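What the coordinates show
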Amino acid sequence: MKISLITSPQEKLKDYFPTSAEPDFKPSEAPFTPDDQILVNHLRKRGHEVNARTWGTEIWNENSKADLFIMRSPWDYMDTKENRFKFLKWLSELKNNDVKIENSVDFMTWLLDKKYLIDIQKQGVNVVPSEYVTKSSVLDLLEKFANEGPLIVKPALSAAGVGLEVLDSKEKLTAYSKKFSDLLKLENYIVQPLIESIKTEGEWSLIFIAGEYSHSIHKAPKKGDVMVHAERGGSLNFKQAPLDLVEEASKAIPSILKAFESQSNKANYVPLYLRCDFIKDSTQDKYLLSECEGVEPELFFRAKPGSEETFAGALENVEDTK
């Protein structure tokens, strides 16, 4: 089988690898990420032809065609608002040209807008409470802060913390409010309470392959921060998530897919991969879903030897059913 992994330009990887958490973990065959290289090597051992394609290109042309495309690291789409909307347009072109890609265009498009958190909450899943603020509307952040406490504000279409603001004091709110009014004229935003325990307990990422739990990692921010990304100084630990969280997350998967179905009318779809991120809210002693990553998440194959084999088997099954 000819398989193409969708990536970003090689230069972009310098923003992510190596990190202080893993100073020796570097790309060996860019633009594959060093983690995806584990998958690439395994796929080649299974007899597949594997190459990389940069997002935004006309991969439906004869010279670029593959039996299956896998969206992996188009990470520069999030760098600017223009790139984000260009990425959405390109996804639409993939669909119009019947490109075989996982995850599906409809599923990825749904997850690109953080309104999906509200869709999932309606299915009974505990998510970080989220208010979706539509473009050109009005929201008094100072009043919300006075009623609810510290806030997180970020564009509805964003990833990796791009555009995220932590508003944990009246001074920050006052300084940001005018800017927020201007930003709302341009795009939709999501507003959430700041879950303080993210600073002390970090975040769990659970990886699901073809709907089944595979493995997990734990991330924590540097002292005084809320950003858990390793490239921003966060820590990275490869360890098993608590059993109660694994059980809760596994039970949430059908509800997440039901939420997708309710918005897309696509029944019985199971994504090839999905990473679900959870924060423990210590004040309520429960886990809250903070993100569902089904577009460009790092899947941390290195955290569980053999997970690349599970992924490859699921990938081959996807192609067999097409």
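Scroll up to find the structure.
Residues numbered from 1 in each chain as written. Predicted model: local features only at pLDDT ≥ 70, side-chain atom pairs only at ≥ 80, totals over all residues. Heavy atoms only, no water.

**Thoughts on the overall build of the chain**
Within the chain one finds nine helices and 13 strands. Considering only C-alpha atoms, the chain reaches an extent of 60 × 40 × 40 Å along its principal axes. With 322 residues in all, the chain has 53% of them scored as buried. Carbon and sulfur atoms provide 47% of the accessible area of the chain, an area that totals close to 14500 Å². Across the chain, the 42 positively charged side chains and the 51 negatively charged ones have centroids separated by 2 Å. (Helix = DSSP H or I, 4+ residues; strand = E, 2+ residues; numbered from the N terminus. Buried < 20%, exposed > 50% of the residue type's maximum accessible area, 1.4 Å probe, protein only. Areas by Shrake-Rupley, 256 points an atom, 1.4 Å probe, with all protein chains shown as cover. Lys, Arg positive; Asp, Glu negative; His and termini not counted. Charge placed at Lys NZ, Arg CZ, Asp CG, Glu CD.)

**Some points on the sheet that holds strand β13 (residues 286-293)**
The five strands are arranged β11-β10-β9-β12-β13 in an open sheet whose pairing can be described as antiparallel. Each edge of the sheet is formed by a strand with only one pairing partner; in this case those strands are β11 (235-237) and β13. Averaged over neighbouring strand pairs, the angle between their axes works out to 30° when direction is ignored. Strand direction decides the pairing type here: strand β12 (residues 273-281) and β13, joined by seven bridges, are antiparallel. Bridge assignment links Asp281 to a residue of β13, and that residue is Lys286. Sitting on the sheet, helix α8 (residues 243-264) touches β9 (203-209), β10 (212-220), β12 and β13, and the angle it makes with β9 is about 55°. (Pairing = 2+ DSSP bridges. Axes fitted to C-alpha atoms, helices over the stretch in contact; angles between N-to-C directions. Contact = heavy atoms within 4.5 Å.)

**A word on the packing of helix α3 (residues 105-112) against α8**
Where α3 meets α8, the axes come as close as 11 Å, and the angle between the chain directions of the two elements is 100°. Taken together, the axis directions place α3 and α8 in an arrangement best described as roughly perpendicular. Side by side, α3 and α8 meet where Asp106, Phe107 and Trp110 of the first sit next to Ile256, Leu257, Ala259, Phe260 and Gln263 of the second. (Parallel < 35°, antiparallel > 145°, perpendicular 65-115°, else oblique.)

**Considerations on the pattern of salt bridges**
Using the criterion set out here, one finds 25 salt bridges in the structure. Among the ionic pairs, Arg72 bridges to Asp36, the shortest N-O distance being 3.2 Å. With a gap of 36 residues between them, Arg72 in the loop between β3 (68-71) and α2 (81-96) and Asp36 in helix α1 (residues 34-45) connect regions that are remote in the sequence. A network of salt bridges, in which partner residues are shared, links Glu22, Asp35, Glu298 and Arg302. (Salt bridge = Lys/Arg side-chain N within 4 Å of Asp/Glu carboxyl O.)

**Section: the sheet that holds strand β8 (residues 189-193)**
Taken in spatial order, the four strands line up as β5-β8-β6-β7 in an open sheet, and their pairing is antiparallel. Each of the sheet's edge strands pairs with one partner strand only, and the pair in question is β5 (131-133) and β7 (165-167). The mean inter-strand angle of the sheet, taken between neighbouring strand axes irrespective of direction, is 25°. Taken together, the three bridges between β5 and β8 define a ladder with antiparallel strand orientation. Paired with Tyr132 across the two strands is Ile190, which belongs to β8. Along the sheet, helix α5 (residues 141-148) makes contact with β5, β6 (151-155), β7 and β8, crossing β6 at roughly 140°. Against the sheet, helix α6 (residues 170-183) engages β6, β7 and β8, with an angle of about 135° to β7.

**As for the packing of α2 against α3**
Relative orientation of the contacting elements α2 and α3 amounts to 160°, with a least axis distance of 10 Å. Relative to α3, the element α2 is oriented roughly antiparallel. Relative to α3, the crossing made by α2 is left-handed. Along the contact surface, α2 presents Phe87, Leu88, Leu91, Leu94 and Lys95, while α3 presents Val105, Asp106, Met108, Thr109 and Leu112. By residue class, the composition of the contact of α2 with α3 is seven nonpolar, one polar and two charged. (Left-handed = near helix turned anticlockwise from the far one by under 90°. Nonpolar A, V, L, I, M, F, W, Y, C, P; charged D, E, K, R; others polar.)

**What about the packing of aromatic side chains?**
Tallied over the entire structure, the rule returns 19 aromatic pairs. The interplanar angle of 90° and the centroid separation of 5.1 Å between the aromatic rings of Phe107 and Phe260 together place this pair among those described as edge-to-face. Taken as a pair, Phe107 in helix α3 and Phe260 in helix α8 lie far apart in primary sequence, 153 residues in all. Neither residue differs from the other here; Phe107 and Phe260 are each classed as buried. (Phe/Tyr/Trp six-rings, centres within 6.5 Å; stacked < 30°, edge-to-face > 60°.)

**Observations concerning the side chain of Lys144**
Along the polypeptide, Lys144 turns up in helix α5. Ignoring any residue separated from it by four or fewer positions in sequence, one finds Lys144 in contact with Glu131, Leu139, Gly149, Leu151 and Val191.

**What about the side chain of Lys114?**
Locating Lys114 in the fold gives a position in the loop between α3 and α4 (116-121). Take Lys114: its relative accessible area is 5%, and that puts it in the buried class. Residues in contact with Lys114, not counting those within four places in the same chain, are Lys154, Pro155, Ala156, Ser158, Ile190 and Glu291.

**Considerations on α8**
Between its first and last C-alpha atoms α8 spans 32 Å; for 22 residues at 1.5 Å apiece the expected length is 32 Å, and the two agree. The largest bend along α8 measures about 30° and falls at Ile253, with the proline Pro254 one to four residues further on. Listed as buried for α8 are Leu245, Val246, Ala249, Ala252, Ile253, Ser255, Ile256, Leu257, Ala259 and Phe260. Next to the buried residues of α8 lie α3, α4, β9, β10, β12 and β13. Phi turns positive, to about 60°, at Asn265, one or two residues after α8. (Expected span 1.5 Å × (residues − 1). Bend = angle between axes of the 7 residues up to and from the residue.)

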